[in-house]
Amino acid sequence: MRLPKLNRTGKIIRNLTLAVFTLLLTAWMLDFPCWTKEALLRRAGRTYLLTEEAELLYDSRSDPAGPDTLYARSGEQLLEVGYERTPLGLRAASSTLYPPDTWYVLNFRWRYWSVKGIRRPGGQLVGFVEHVDAAELEIDWQLHDAQGTLVVTGERQSPYCFDFHLQEPAGGFSEAEQQLLKGYEVPSMMGTLRLYGADGGLLAEQKYPNLW
Amino acid sequence: MKGSFEAWMAEVLRCVRFLPDRKAIRQELEAHYEDHVRDLERLGYDRQLARKRTLGAMGDPLEVGRALDRIHKPWLGWLWLASKGMLLLCIMLALFYTTEGAWRFQEFYMPPDPSSYEADGFAFDTDHTSYTRVAVSRGGSVEVCGYEISVPYAALWRWANEHGEHPYYSMTLVLGVRNSRFWEKDPDPAMGQLTLRDDSGGLFAASEEYYDYTVEERDQRWAGCVHPHGVRSGPFYSEYWYWITSWEQPPQWTELVCPSGEGFTLRLEWEGAE
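Note that residues are indexed from 1 along each chain, following the sequence as it is written. Chains carry letters from A onward and ligands carry numbers from 1 onward, assigned in written order. Given that this is a predicted model, residues contribute local features only at a pLDDT of at least 70 and side-chain atom pairs are listed and counted only at 80 or more, while totals for whole chains, interfaces and linings are drawn from all residues.

Trainee: Tell me about the overall build of chain A, and name the residues and values.
Mentor: Elements are defined by DSSP. Helices are runs of H or I of four residues or more, strands are runs of E of two residues or more, and each kind is numbered from the N terminus. If you tally the helices and strands in chain A, you get three helices and eleven strands. Seen in sequence order, chain A has helices and strands lined up from the N terminus as α-α-β-β-β-β-β-β-β-β-β-α-β-β. Structurally, chain A occupies a C-alpha span of about 80 × 40 × 25 Å along its principal axes. Residue burial in chain A is summarised as follows: out of 212 residues, 32% are buried. Counting only contacts in chain A whose residues sit at least 6 apart along the sequence, the fraction spanning at least 24 positions is 50%. Any residue with 12 or fewer other C-beta atoms within 10 Å of its own C-beta is exposed, any with 20 or more is buried, and the rest are partly exposed; the C-beta atoms used are placed from the backbone. Think of it this way: build a C-beta for each residue from its backbone, and any pair within 7 Å is a contact.

Trainee: If you had to explain the domain arrangement of chain B to someone new, which residues and values would you point to?
Mentor: Domain start and end points were adopted from an automatic or database domain assignment. Assigned domains of chain B: these are domain 1 (2–72) and domain 2 (114–269). One C-alpha centre belongs to domain 1 of chain B, the other to domain 2 of chain B; they are set 81 Å apart.

Trainee: An account of the interface of chain A and chain B is requested, with residue identities and associated values reported.
Mentor: With 27 residues of chain A in contact, the opposing surface of chain B contributes 31 residues. Elements represented by at least two residues in the side of chain A that touches chain B include exactly α1 (8–29), α2 (37–47) and β4 (89–97) of chain A. Here the residues of the side of chain A that touches chain B sort into 15 nonpolar, seven polar and five charged. Each residue receives one of three labels: charged for Asp, Glu, Lys and Arg, nonpolar for Ala, Val, Leu, Ile, Met, Phe, Trp, Tyr, Cys and Pro, and polar for the others, Gly being one of them.

Trainee: Describe the pairing of strand β2 (residues 68–74) of chain A, listing the residues and the values that go with them.
Mentor: Residue and element names in this part refer to chain A. For β2, a buried count of five out of seven residues is recorded, marking the element as mostly surrounded by other parts of the structure. Strand pairing is assigned whenever DSSP detects at least two bridges linking the two strands. Direction of pairing for strand β1 (residues 55–60) relative to β2: antiparallel, over a ladder of five bridges. Bridging from a neighbouring strand, Tyr58 pairs with Tyr71 of β2. Inspection of the sheet shows β2 paired to strand β3 (residues 77–86) by seven bridges, in the antiparallel sense. Within the sheet, the bridge partner assigned to Arg73 lies in β3 and is Leu78. Connecting β2 to the next strand, β3, in antiparallel fashion are two residues, including Gly75 with a positive phi near 65 degrees.

Trainee: Provide a residue-level description of the sheet that holds β4 of chain A, including the pertinent values.
Mentor: All names here are of chain A. Taken together, four strands build an open sheet; the order of strands is β1-β2-β3-β4 and the sheet is antiparallel. Unpaired on one side and paired on the other, β1 and β4 mark the two borders of the sheet. Between one strand axis and the next, the sheet turns through 25 degrees on average, direction left out of account. Axis definition: a line fitted to C-alpha atoms, limited for helices to the stretch in contact. Angles are taken between N-to-C directions and run from 0 to 180 degrees.

Trainee: Please set out unusual backbone geometry residue by residue, giving values where relevant.
Mentor: The linkage connecting Thr245 of chain B with the following residue, Ser246 of chain B, adopts the cis geometry, with an omega of -15 degrees. Within the secondary structure, Ser246 of chain B is located in strand β8 (residues 237–247). Although it is not a glycine, Asp31 of chain A adopts a positive phi angle of roughly 60 degrees. With a phi angle near 60 degrees, Leu49 of chain A is a residue other than glycine that sits in the positive phi range. Along the chain, Leu49 of chain A falls in the loop between α2 and β1. Among the residues examined, Leu49 of chain A registers 24 C-beta atoms within 10 Å and is labelled buried.

Trainee: If you had to explain the domain arrangement of chain A to someone new, which residues and values would you point to?
Mentor: Residue and element names in this part refer to chain A. Looking at chain A, the domain boundaries give domain 1 (37–97) and domain 2 (104–208). Centre-to-centre, using C-alpha coordinates, domain 1 lies 25 Å away from domain 2. Listing elements by their share of the side of domain 1 that touches domain 2, those giving two or more residues are β1, β2 and β3. In the side of domain 1 that touches domain 2, the residues fall into four nonpolar, two polar and three charged.

Trainee: Explain the pairing of strand β10 (residues 188–196) of chain A to me, and be specific about the residues and the numbers.
Mentor: All names here are of chain A. Note that strand β7 (residues 134–142) and β10 share nine bridges and pair antiparallel. Looking at the pairing, Gln142 lines up with Ser188 of β10. In terms of strand pairing, β10 meets strand β11 (residues 202–208) through six bridges, oriented antiparallel. By the bridge assignment for β11, Tyr196 is matched with Leu202. Remark: five residues form the turn of the hairpin made by β10 and β11, two consecutive strands paired antiparallel; Gly200 in that turn has positive phi of roughly 85 degrees.

Okay, here's the thing in structure tokens:
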């Protein structure tokens, strides 16, 4: 069968029709990406049958190698949506609706960032932490032949987020700490998160037996 | 004389504003010119004269050029080129992402005939003859967050050992979810949190919560568990299969409860079961 010979207008219409079709196909393959973060949150909320519009609290890159993450408030609950950027928009990768009694989440990474080849563990604390004045993370680490404690102070990034990253102390890291940060051995880490109010009082303390 | 034709051609092409078409126009006009020259030569004209006459017949270059420019509109030409580029880009994108998501081509699940559900026996153990279907039921439907959720099929199964002893009952249940927004995902997280209660006050926990507890704690808290057993998905309709264990006596009614978000409750009547 011979295809009809098209004039230029016909070719344009054919090309645009095929382009729209292939774009739709691609969008389908990408789960029909959203154009805005609000739409992404709305869509994630619906999968939990949430009717209330989720309010975006914070957009973070929780893991340099992983997806970006949106944190939102839906009613009294914290909604976390991991997402990827695609050529056609934002695509949800994962979602978690935390129970009503969870008002913050700590995402900790062993390889959070690095300076001159030295790994720096760290992470982010995100949630309804507007009233928290200071956050502190105590890390008890252990290698097969060394152990120690690191204390990381959270830096406020937004009303809803504290960022934890290990800074080099004035006197430099100890030998054991250098072994931890430069070596290839994966340590076991136990964490204790403490949140303080404006009056210095302890608002919350949570232990993480396996920090990462 | 050939030189004169070149000058004529240059003048024509100068009038055509859409540059990418000039090459094709040149080829066409040259072919036309050569054909005409050959025709005249066949009639006995010498080559020189044939060329001269042909050039005269080609017309005024400005007039021809303007006419060609009207046909080869620059905006239409650029639009055509842009559409070609766009199509190429879209095809490359589609090829790249189609390989990633090709499994979706299997996803055109449509609601089956309700009588075909478990027609061949207990869905999760079809070879097991110890299971007997003792009752079949179906529930109503609710609309939540744009999803129409219903129970098109539920069955109570009785199990007993080879001597007909130690019987117990379990339930298989299909939850159908119609979603007119085909571009959105199914409510999988909410469907994973389904619980069940029955007429005797028994509570059946969602499996994601149930297995967080020890066996003793489970026995104290709940009568059993709602196990998600699989999903069949299509763009507009998905089915969630559950297996709910277990009862010593068949229930009179059961209520399926989804606690997530707006939530919903769907009641199933089992009266007349054995």
